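Chain by chain, the residues:
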Amino acid sequence: MAGKKNNKSSNKSGLVRFFRDERFKIIFGLLVLGFSFLLLLAFVSYLFTWKEDQSFAWEKVFSNPDIKVENWSGKVGAYFANLFINRWFGLTSFTVPFLLILIGFRLLKIKLLPLGKTLRITIVGTILISILLGFLFKLQNGLLGSGLGGRHGYYISQWLTALLGKTGTFLLLVICIFALFIFSFDNAVSWFKRIIHISSLKNLLFSFSFKNPDAAFNQTFDADSADESDDLVFETEFPQQESTGRSNETVLPKNEAEEENDDDEEEIELMIETNRSQDDENFEPGALVHEDFDPTLELSSFQLPTLDLLERHEAENASVTNEELISNKNKIVETLANYKIQIDKIKATIGPTVTLYEIVPAPGVRISKIKNLEDDIALSLSALGIRIIAPIPGKGTIGIEVPNQKPEIVSMRSILASRKFQESDFDLTIALGKTISNETYIFDLAKMPHLLVAGATGQGKSVGLNAIITSLLYKKHPSQLKFVLVDPKKVELTLYAKIENHYLAKIPDAEEPIITDTQKVIYTLNSLTIEMDKRYELLKKAHVRNIKEYNHKFVKRRLNPENGHRYLPYIVVIIDEFADLIMTAGREVETPLARLAQLARAIGIHLVIATQRPTTNIITGVIKANFPARIAFRVTSMIDSRTILDSPGANQLIGRGDLLFAPGSDMIRLQCAFIDIPEIEKITEFIGSQRGYPIPLELPEYVDQSREDIGVVDLSKKDSLFNDAARLVVAHQQGSTSLIQRKFSIGYNRAGRIIDQLEAAGIVGPFEGSKARQVLFPDDYTLEQFLNSLE
């Protein structure tokens, strides 16, 4: 039975993949377009040949080869023309090929009009106008066989006439057509109200419109776009959803309730003021009929990764038994009783790796007395990683966290499949793991706005970074999110190279999608500061405060791309092993990083930096001040814990994904979701196999001013390390900037200037791409003679 079910599910999934295949859509789209043009030709021909083609019985047309038709599209065209125009909808049947043309082009990824809205309006309009034509032009007129409205229009109109009479039928049809107009255009109600108000001031408005014929249209349109006329309109924003092409914005006159009682002069002043306060940045002709801009349209067939790419990682017998709970409870009570500490109540909350025992001490017991017994309780329980929370914020109890004997693995699949993650509407949803109470924990990186991750080697830091990246890949379309991945160790983030043309951003001319070279890191961070400044200029021109408001305006087509406006994706910068960058580049990395951390939040650039050495010379005061959200995996000392969290606790974790998350003043203990390397490979392979952008997102070009004119080097101003650097490269026979940087513990820019001076002096050869420069001196003796000649 199981085998049959698997076969059925595999057949079904294969069929789904077939219909989703781009080749099928292209071929089917061409077929639909061909049929639509054939149908259009048949309908046009029917206007001239309908009398001849109705002189025979249609049931014998296809079976009798002797029957000839006059229709230009043959028997098939004559059949469909007779069906639609004669039997069904009359002249309004011309909407059928129109809709088929729209559908055909949409299958070919060409978007002429909003499909859903156009279908609804056209179908309802076809039915109503068919009835109206049937009412106005009777069947006995003989036009096109059954009249201009077809048999459908005629018979429905006759039925309505019998019920309501001619006057009632006419009024009903007019009202229905007017209702269709109202529901078809978002601003139709505003137009109607303005027409009512304007009608009482016909003469005055006529003189105004004579001076500006387009005023009436512009007033109605631009009222939605004017940023400076806050006293005229307001916007009601509903919760943001995945892009569906439907508008969630309702624009109403701010003083709508007062308009009914306002005098006519105030109405005229209102309209003139609105016309004057137009904003060119918010103007786009034809916005009344355009659908919202869809940033995902270029990769409209892109599919987010599926949950079946992830493993369940279910461990056997990982639950906490009642015997374990009772034993731990008794040992805690006994240990406290040995020190004459009585408790009134104790409660256990079981988590995936840690159980929280909440105790309520008897009146008069000092909390500090229990806190000082941390090591004694750990000894009595024979457990590693005991942590006492005294008191638990907001509960009035004292918490004792005890590791479970058989910890549970929290799979990434279980986290991403949770309702909390699936229904999350955060801008950048991160699913980190499970709490002590076994609840899925998610947070919004956009609100953090940057994240500092630290932990000793092998404690789960790299898995945590992968969980962060995976969460975003499962939520965001490539048009909405870009990563800048920095991996000085060159082994942790290379798996994501496959999604280069989908999700990655890099500086121009960068050869590798994952940044590993220190100089490229410096250039990339400075390039991001340039991108940050450019985005702030766009926000300033658009009169908005943050990226969310800006993109909302752009999607509503209220910002003109010809003025430099563009849809802005979020950029998440992931830096693994930050300590290595600080040690090799120092201030050259810290300065642009600090600037990004201070300013980049509003324009959608967010930083996640990780290190296994959370010391004060790595995580400086500048870094800590701008990274309020921190994740601490297990560290080796209390000093390291205080460095990363400003409090102890990380040194008492049990490792293997056990972490403390401090999004602000609070601290939460979590078990990080586990995702293995093969799972990441499946995800990147799934994404990489789909059509991506031609190239990764290119960041602005950064020009290092210190290296801008390498050809002109003044050897009278040699670096103090010039001679030592010359001896170093000759001894190693390798002209490398990174060699000088490592040996003398200097920044990359200074090492680059020294290598330029060595080239100008003729000690090393020119730059040769990825190869090391050629050393032009064979030994130290000839070098020393040359150095003496330079003195």
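This structure is a prediction, so every number in the text was calculated from the model and none was measured.

Asker: Summarise the overall build of the protein chain; cite the residues concerned and give the values.
Answerer: Of the regular secondary structure elements, the protein chain holds 29 helices and 17 strands. Expressed as a percentage of contacts within the protein chain between residues at least 6 apart in sequence, the contacts between residues at least 24 apart total 68%. As presented, the protein chain carries roughly 39900 Å² of accessible surface, and 56% of it is formed by carbon and sulfur atoms.

Asker: I'd like a rundown of helix α22 (residues 587-599), residues and numbers included.
Answerer: An α-helix turns once every 3.6 residues. As a result, residues three or four positions apart point the same way. In this model, α22 (13 residues) spans 18 Å end to end at C-alpha, consistent with the 18 Å of a helix rising 1.5 Å per residue. All of the buried residues in α22 are E588, V589, E590, P592, L593, A594, L596 and A597.

Asker: So what about the confidence of the model for the protein chain? Which residues, and what values?
Answerer: Here the protein chain averages 80 in pLDDT, and 80% of its residues register 70 or above. Residue range residues 200-277 is modelled with pLDDT below 50. Its contacts to residues more than four positions away, or to other chains, number 93 contacts. Scored below 50 in pLDDT, residues 279-289 shows 31 contacts in the model against residues more than four places distant or in partner chains.

Asker: How would you explain the nonpolar core if you had to name every residue and give the values?
Answerer: When a protein is soluble and globular, its nonpolar side chains tend to lie buried together. Judged by nonpolar contacts, the single largest core of 112 residues is most densely connected at L451, F483 and F661. The dominant element in this core, judged by the number of residues it contributes, is helix α19 (residues 518-542), at nine residues. Non-local contacts of L451, meaning those with residues more than four positions away in its chain, are made with F443, L445, I468, L607, V608, I609, F627, A629, R630, I631 and F661. Within the second largest apolar cluster, 21 residues are counted, among which are A726, I754, V764 and F777.

Asker: Outline the packing of helix α3 (residues 74-89) against helix α6 (residues 150-184), listing residues and values.
Answerer: Relative orientation of the contacting elements α3 and α6 amounts to 5°, with a least axis distance of 2 Å. As the angle between them shows, α3 and α6 are arranged roughly parallel. The residues of α6 that touch α3, namely those facing I85, N86, R87, W88 and F89, are G150, R151, H152 and G153. For the contact of α3 with α6, the per-class residue count stands at three nonpolar, four polar and two charged.

Asker: Explain a negative patch on the surface to me, and be specific about the residues and the numbers.
Answerer: Where like charges cluster on the molecular surface, the negative patch consists of D509, E511, E512, E698 and E701. One can find E701 in the loop between β17 (697-698) and α26 (722-732). The exposure class of E701 is exposed, given its relative accessible area of 60%.

Asker: Run through the packing of aromatic side chains, naming residues and quoting values.
Answerer: One pass over the structure, following the stated rule, counts 17 aromatic pairs. Ring geometry for F24 and F28: centres 5.8 Å apart, planes at 5°, overall stacked. Taken together, the residues F24 and F28, both in helix α2 (residues 22-53) and four residues apart, mark about one turn of the helix. With relative accessibility at 22%, the residue F24 sits in the partly exposed group. Judged by relative accessible area, which is 40%, F28 ranks as partly exposed. Among the aromatic side chains, those forming a connected cluster through ring pairs are F43, F84, W88, F89 and F94. Sitting over the ring of F421, K475 keeps its end group 5.2 Å from the ring centre.

Asker: I'd like a rundown of the environment of Y339, residues and numbers included.
Answerer: When you line up the elements, Y339 lands in the loop between α12 (322-338) and β3 (343-350). Along the backbone, Y339 and L373 are 34 residues apart, and their C-alpha atoms lie at a distance of 9.0 Å.

Asker: Help me get a handle on the side chain of T620, residues and values and all.
Answerer: Among the secondary structure elements, T620 is positioned in the loop between β13 (605-611) and α23 (621-626). Residue class for T620 comes out buried when judged on its relative accessible area of 17%. For T620, the side chain forms a polar contact with the side chain of E590, separated by 2.6 Å.

Asker: Outline the side chain of D719, supporting the account with residue identities and numerical values.
Answerer: Position of D719 relative to the elements: it lies in the loop between β17 and α26. Residue classification places D719 among the buried positions, given a relative accessible area of 18%.

Asker: Now, about unusual backbone geometry: what can you tell me, with residues and values included?
Answerer: Put simply, A390 and P391 share a cis peptide bond, and its omega is -10°. By the element assignment, P391 lies in the loop between β5 (387-389) and β6 (398-403). Positive phi outside glycine occurs at S745, with the angle close to 50°. Position of S745 relative to the elements: it lies in the loop between α27 (737-744) and α28 (748-760).

Cut-offs and rules
Residues numbered from 1 in each chain as written. Predicted model: local features only at pLDDT ≥ 70, side-chain atom pairs only at ≥ 80, totals over all residues. Heavy atoms only, no water. Helix = DSSP H or I, 4+ residues; strand = E, 2+ residues; numbered from the N terminus. Contact = heavy atoms within 4.5 Å. Areas by Shrake-Rupley, 256 points an atom, 1.4 Å probe, with all protein chains shown as cover. Expected span 1.5 Å × (residues − 1). Buried < 20%, exposed > 50% of the residue type's maximum accessible area, 1.4 Å probe, protein only. pLDDT = per-residue confidence, 0-100. Core = buried A, V, L, I, M, F, W, Y, C linked by side-chain atoms within 4.5 Å. Axes fitted to C-alpha atoms, helices over the stretch in contact; angles between N-to-C directions. Parallel < 35°, antiparallel > 145°, perpendicular 65-115°, else oblique. Nonpolar A, V, L, I, M, F, W, Y, C, P; charged D, E, K, R; others polar. Patch = residues over 30% accessible without salt bridge, like charges linked within 9 Å, V, L, I, M, F, W, Y side chains within 5 Å. Salt bridge = Lys/Arg side-chain N within 4 Å of Asp/Glu carboxyl O. Lys, Arg positive; Asp, Glu negative; His and termini not counted. Charge placed at Lys NZ, Arg CZ, Asp CG, Glu CD. Phe/Tyr/Trp six-rings, centres within 6.5 Å; stacked < 30°, edge-to-face > 60°. Lys NZ or Arg CZ within 6 Å of the ring centre and 35° of its normal. Polar contact = N/O pair within 3.5 Å; in protein donor to acceptor, adjacent residues only side chain to side chain.

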